[in-house]
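Read off the chains here:
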Amino acid sequence: MVVSGKALHLISQHRDNCDREFAEIQNIRDQLSDTLETCRKARERLKAASDHLTISTFVILANVRKRQIIKRVLKSLELLRSLRSVEKDVAELVNKKEYYEAIQLILNSKKAAAAHKEYTCIADLATRLQDTLDMTEEKLDSVLASICYNFDEVVFKKLKKAYDLLGKTQAAMEQLHMHYSSAVNESALEAVKPFSTEVSMEMKFQEMCQAVPTTKAPLCLLNLCENLFLVMRSYYLLVNWHIKNEEYLPSSGNVFDIERNVSREYIKQKLKAGLVRIWHDVQAKVSTFLKSSGLEEFPFEKFIQMLGILRKLTQVAEVFCGDTSDMLTDFIKTQSLSYIKNYHRGRMEELKLFLENEGWEQCPVKTTFNVLNLQEFKQFKKYLNSVKSDTVKSTQSETTSSVPSQDDSLYISKYFTEKTSRTPFEIFRNENVTNEDIFGLEPESDDTDVSDDEPDELRRDFVEDSDQTVPLSPSKVKETVIVTNTTLSVLRNCGQYLQISRYLPQLALEVIMFMNQLFDYYFYAVHLFFTADLEVSSATLYSAKLNSVLKRITNTINMATEDGLTFECPSVPNHLDMGSEENLHGCSERIVAVESVIFLAKQFELLQPYLESIVAPHQRMILEHFKENTLAVVVDLRMPVYMCSASKAVDAKSALVAMSQVRWDVKDVAVEHSPYVDMIVRKIQVFALRLENISARVTLNCDVLNSVWAMVSKFVVHLLVEGFSNATKCSNGGRGLMQLDYRQLFVKLEKISGLKPVPYQEYVDRYVKAYYLPRNELENFVRERTEYSVKHLLALVSSSCENKRDRQALTAIIESKEAN
C-alpha cells in the first residue's frame, strides 16, 4: 500500500514531462513522414530526369568535376614547388642585396604554408622556412655589422626596410650599437697587431700594445687613429642619414602612428647617446695604447708628431660629438708634462756642454736676422706678425686655443661627409711633412707670408751676409747681429718648446718657464765665465736689478725644484785665452758672449706678445715680470764684462807710480800736463789699435764700441781719483795741475774713442773741485757722496782742510759713515 502510494506520487510529479516527451515523439513521427514524402518525390523526379537526359550530359558533368579536382591538386603541387625553392630564391635575393624582397618572400611563404596545414609535407616545409628566416636574419646582421666600417646609404636603407618588415627596427638598432662597440675593439686590434712583436689569440689589447716596440709606436698610433676614425665616420654618416630621413610625423591618434613615433624618438635618443659612447670607447683605446707606448723614450720629432695626431683626434671628436675630450686631454697633459720635463733636463745638460765648449766666435748672419729666420719658427711667423697689430689680437687668441676653430671644424667635416677613403691623419704619412703642416689645417700655404729668399735661409743654420762685400768701419756700423752657435741652439730649443705649446695650450706656461730657464742659464754662464777675472771693485758696475737677477738665478741653479729638476753650475772653461794683451784679454770673446745674450733677450721680447696670447690672462703678469726684471736688465751685463778688458787697457800700478812722482804742492799753475798722461794715452792708443783688429773678426756696432770705451773711461777716472787721493800734499797749483791733466787726458780719449762727451768724467771733475769747497759744503759732500771710498774722502779732507778742528770733525763724520 505504501509502495503504491509512492509510485502514484512520482507518476503525478513527472506527468507533465511525460506528456511533453510523448508530444515530441509525435512531432518526430510527423517529420519522418514528411521526409519520406520528399524522398519519394525526389526519386520520381530523378526517374523523370533519367528518362529525359542523355548519358553524354552526365559525362560532361563528371569531367568538370574531375577538372576542378585536378586544378586544386595542381595548385597544391605549385605551392609545394614554390615552397621548396624559397630557400634558393631567398639566397639569390640576399646576394642581390634585395633584403626586403627576401624577407617578404619568406613571410608570404610561411603564410601560405600555414593555410595548407592539411598536407603533411607542407607542415615539414614550414619548419624549413623558419630556419631560412633565421639564417636570413643572420645574414642581415652580418651585413649590418659591415656597415660599421663603411657606411653605405643604399645598403642601410634596404636593411632598415627589411627590419621594418620584420618588426625588429629597435632590436636592429640595439644590435647595430653592439656591432659598433665590437668594431672599435676589432679595429684597434687590427691596427696594433702588425706592429706587435708577439701576437696570439689569447692576448688582450693592452698586452698587444705593450709588445709594440718604441720605434714603431708613432706609426702604430697613426694606424690606430686611422682605423678608429673609419668607424667613427661610419657612425657619423649613420646619424646624419637618420636626421635627414627620419622626420617626426604628426600622430593622427592611430595606435600604429603613436608606436611608430615612439620608436623613432627612441632610435633618435639611442643614436645621440651612441656618439658619446663610441668616442669614449675610442678614447679608452688610444689612452691604453699611450700608457703602454713608452712615451718618454720618443725622439722629439716623433713626440711632436704624436701630439699632432692626438690633436687631430680631438678635433675629430669635436666634429663627431661636440666632446672636448677631457679624458684624453688630461691624460695627454700629464704624460706630455712628464716628457717635457725629461726633455728639458736633457736640453739643459746639452746647453751646459755647449757653453763649456763654446769658442765664442761670431756666426756670420744678416743684419736683419732674427728668430723668425730659423726653421723651428717658420710656423710661427704669421702669428708673430699678427700679434703686432691690435686689431687681430682677438683672432690670435682664437687661433692658439685648444678648441678647434670654425675653419678647423669645416676642414675635419669634409672627411666625414665626402665619399672618400681619405682620413684627416693621412698627412702624417708624408715623410716630408713639416710641423706647420701637421699643426695647421690649411692645405694651402699663404705665399704672402714668406719672402722669396726665406726657404733657403731656413734650411741653413745661419744666413751669410753676401751683400756686404766691403766691411764698414766699426764706428760707422749702427746695427749688427752677434750670435754664437749656442745662441742659435737655445733659440731652436725655444722653437721646439713653442711647438709643444701649440699642441698643448694648457701647458703653455710650463713650456714658457722652461724657455726662461734656458735663457737664465745662458745669461748666468756668460756672467760666470767672463767676470771671473774682474779685478776692480764691482760696487759701481752692478745695478740693483742685475744683482737681483743673478741672485735669483744662482738660487734656482743651486736649489732643486719640486719636480726634482736640478741643474749643475757650468764650469769656467780653460780653452779661452783671457790673459793675452794682444787680444785685449779675451775682449772679442767677451763682446760676442754679452752681445749674444742681448740678442737672445731681444728675441724673447719679440716673442713676448705671442707668449702672452697663449697663456691665461691671469698668467701674463709672470711674463711681464720676466720681461721687466730679466730681459730688460741684460744690457747691464756689459759693464762688468767689458770692464774686465777695459781695466787692463792701462797698467794701473805703473800709472799710480807715475802719478806719485808728480809734485802736487807746486805754487804756480803748470802749463804742461804731467808725463803720466802721455803714458796713459799711449796705452789707450794701443788698446784702440787692438780693438780695431778685433773688429775684423767681430762686427762691432756703435753700441758695443761705446760700451767698451765707456768702461775704459770709467776705469781711467777711478784710476785718476785713486792717484789724486794718494797725494799727501797738494797746493792750489797742484789742484790746477790735476784739472789740466784730466782735461787733457779726456780730450785725447774723446778723439781716440769717438765718445762725445766722454762719460764718467764728472766723477774726477767733482772730486778735484771738492778741494775748493768751503767747510759747510765740504761736510755735505762727504756726507752725501757715496760713490767715493773712505780713503778718497779722508785724503780729500786731509788735503783741503787746514783747520785741525775741521779736519778732525770731518774725519769723524767719514769714519762714522763707514761704520754705519
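This structure is a prediction, so every number in the text was calculated from the model and none was measured.

Participant: Any chance you could explain the overall build of the protein chain here in plain terms?
Facilitator: In terms of regular secondary structure, the protein chain is built from 31 helices and zero strands. A total of 820 residues make up the protein chain; the buried ones form 45% of that total. Here the contacts in the protein chain between residues at least 6 apart in sequence split such that 81% fall between residues at least 24 apart. In the form shown here, the protein chain has an accessible surface area of approximately 44,000 Å², with 52% of it arising from carbon and sulfur atoms.

Participant: Just to check I follow, could you spell out the packing of aromatic side chains for this structure?
Facilitator: Overall, the coordinates contain 28 aromatic pairs when judged by the stated rule. Aromatic pair phenylalanine 300 and tyrosine 343: ring centres 4.7 Å apart, planes at 25 degrees, arrangement stacked. Highlighted residues: phenylalanine 300 in helix α11 (residues 300-321) and tyrosine 343 in helix α12 (residues 326-357), separated in sequence by 43 residues. The exposure classification of phenylalanine 300 matches that of tyrosine 343, with both residues buried. Here the aromatic residues Tyr180, Phe229, Tyr235, Tyr236, Phe320, Phe416 and Phe425 are joined through ring pairs into a cluster of three or more. A cation sits over an aromatic face here: arginine 347 above tyrosine 343, 4.3 Å from the ring centre.

Participant: How should I be thinking about unusual backbone geometry in this particular structure?
Facilitator: The omega torsion of the bond from lysine 756 to proline 757 falls at -10 degrees, within 30 degrees of zero and hence cis. Of note, the phi angle at tryptophan 360 is positive, near 55 degrees, even though the residue is not glycine. Locating tryptophan 360 in the fold gives a position in the loop between α12 and α13 (381-386). Its relative accessible area of 2% is what places tryptophan 360 among the buried residues.

Participant: It is not clear to me how the packing of α11 against α12 should be interpreted in this structure. Could you clarify?
Facilitator: Packed helices, taken two at a time, are described by the angle between their axes plus the distance between the axes. Where α11 meets α12, the axes come as close as 12 Å, and the angle between the chain directions of the two elements is 165 degrees. Taken together, the axes of α11 and α12 are roughly antiparallel relative to one another. The element α11 and its partner α12 pack so that their crossing is left-handed. On α12, the residues that touch Phe300, Phe303, Leu307, Leu310, Leu313 and Thr314 of α11 are Leu328, Thr329, Ile332, Ser336, Tyr339 and Tyr343. Per-class residue counts for the contact of α11 with α12 are nine nonpolar, three polar and no charged.

Participant: What am I meant to see in the pattern of salt bridges here?
Facilitator: As a working rule, side chains carrying opposite charge can pair if their charged atoms are close by. Tallying each qualifying case throughout the model produces 26 salt bridges. Between glutamate 137 and lysine 168 there is a salt bridge, and its shortest N-O distance comes to 2.8 Å. One end of the pair, glutamate 137, is in helix α5 (residues 120-146); the other, lysine 168, is in the loop between α6 (153-166) and α7 (169-192), with 31 residues separating them in the sequence. Overall, the relative accessible area of 17% leaves glutamate 137 in the buried class. With relative accessibility at 31%, the residue lysine 168 sits in the partly exposed group. The partner of glutamate 787 in a salt bridge is arginine 766, with the nearest N and O atoms 3.1 Å apart. With a gap of 21 residues between them, glutamate 787 in the loop between α29 (775-784) and α30 (790-800) and arginine 766 in helix α28 (residues 761-769) connect regions that are remote in the sequence. Residue glutamate 787 is classed as partly exposed on the basis of its relative accessible area of 25%. Salt bridges here are not isolated pairs; linked through shared partners, they connect Arg775, Glu779, Arg783 and Asp806.

Participant: Looking at this structure, how should I read the environment of proline 505?
Facilitator: Secondary-structure assignment places proline 505 in the loop between α18 (485-503) and α19 (508-530). A relative accessible area of 16% means that proline 505 is categorised as buried.

Participant: Honestly, the packing of α6 against helix α9 (residues 217-245) in this entry has me stumped. Any pointers?
Facilitator: Look at α6 against α9: their axes get within 11 Å of each other, and the N-to-C directions meet at 60 degrees. Relative to α9, α6 is oriented oblique. Crossing of α6 against α9: the hand is right-handed. Facing α6, whose interface residues are Glu153, Phe156, Lys157 and Lys160, α9 presents Leu238, Trp241 and His242.

Participant: Just to check I follow, could you spell out α28 for this structure?
Facilitator: At 3.6 residues per turn, the α-helix brings residues three or four places apart onto the same side. All buried positions along α28 are accounted for by Tyr763, Val764, Asp765, Tyr767 and Val768. Next to the buried residues of α28 lie α26 (702-725), α27 (732-753) and α30.

Participant: Just checking my understanding: could you explain the side chain of glutamine 517 for this structure?
Facilitator: Tracing the sequence through the fold places glutamine 517 in helix α19. The class for glutamine 517 is buried, based on a relative accessible area of 18%. Engagement of the side chain of glutamine 517 in a polar contact is seen with the side chain of histidine 344, the distance being 2.7 Å. Glutamine 517 has contacts with His344, Met348 and Phe567, leaving out every residue within four places of it along the chain.

Participant: I would appreciate a short explanation of the environment of alanine 539 in the present structure.
Facilitator: One can find alanine 539 in the loop between α19 and α20 (544-558). Separated by 101 residues in sequence, alanine 539 and proline 640 have C-alpha atoms that sit 9.9 Å apart.

Participant: Hey, could you run me through the side chain of serine 287 in this one?
Facilitator: By the element assignment, serine 287 lies in helix α10 (residues 255-291). Excluding its chain neighbours within four sequence positions, the residues that come into contact with serine 287 are Leu328 and Phe331.

Participant: Mind showing me how you'd approach the confidence of the model for the protein chain here?
Facilitator: Should the pLDDT be low somewhere, the predicted coordinates at that spot are not to be read in detail. Across the protein chain, the average pLDDT comes to 81, with 83% of residues at or above 70. Per-residue pLDDT stays below 50 along residues 390-405; that stretch engages in 18 contacts with residues further than four places along the chain or on separate chains. Scored below 50 in pLDDT, residues 436-471 shows 54 contacts in the model against residues more than four places distant or in partner chains.

Participant: What exactly am I supposed to notice about the environment of serine 725 here?
Facilitator: Looking at the element boundaries, serine 725 is found in helix α26. Of the polar contacts made by the side chain of serine 725, one reaches the backbone oxygen of glutamate 722; its length is 2.7 Å.

Calculation notes
- Residues numbered from 1 in each chain as written.
- Predicted model: local features only at pLDDT ≥ 70, side-chain atom pairs only at ≥ 80, totals over all residues.
- Heavy atoms only, no water.
- Helix = DSSP H or I, 4+ residues; strand = E, 2+ residues; numbered from the N terminus.
- Buried < 20%, exposed > 50% of the residue type's maximum accessible area, 1.4 Å probe, protein only.
- Contact = heavy atoms within 4.5 Å.
- Areas by Shrake-Rupley, 256 points an atom, 1.4 Å probe, with all protein chains shown as cover.
- Phe/Tyr/Trp six-rings, centres within 6.5 Å; stacked < 30°, edge-to-face > 60°.
- Lys NZ or Arg CZ within 6 Å of the ring centre and 35° of its normal.
- Axes fitted to C-alpha atoms, helices over the stretch in contact; angles between N-to-C directions.
- Parallel < 35°, antiparallel > 145°, perpendicular 65-115°, else oblique.
- Left-handed = near helix turned anticlockwise from the far one by under 90°.
- Nonpolar A, V, L, I, M, F, W, Y, C, P; charged D, E, K, R; others polar.
- Salt bridge = Lys/Arg side-chain N within 4 Å of Asp/Glu carboxyl O.
- Polar contact = N/O pair within 3.5 Å; in protein donor to acceptor, adjacent residues only side chain to side chain.
- pLDDT = per-residue confidence, 0-100.

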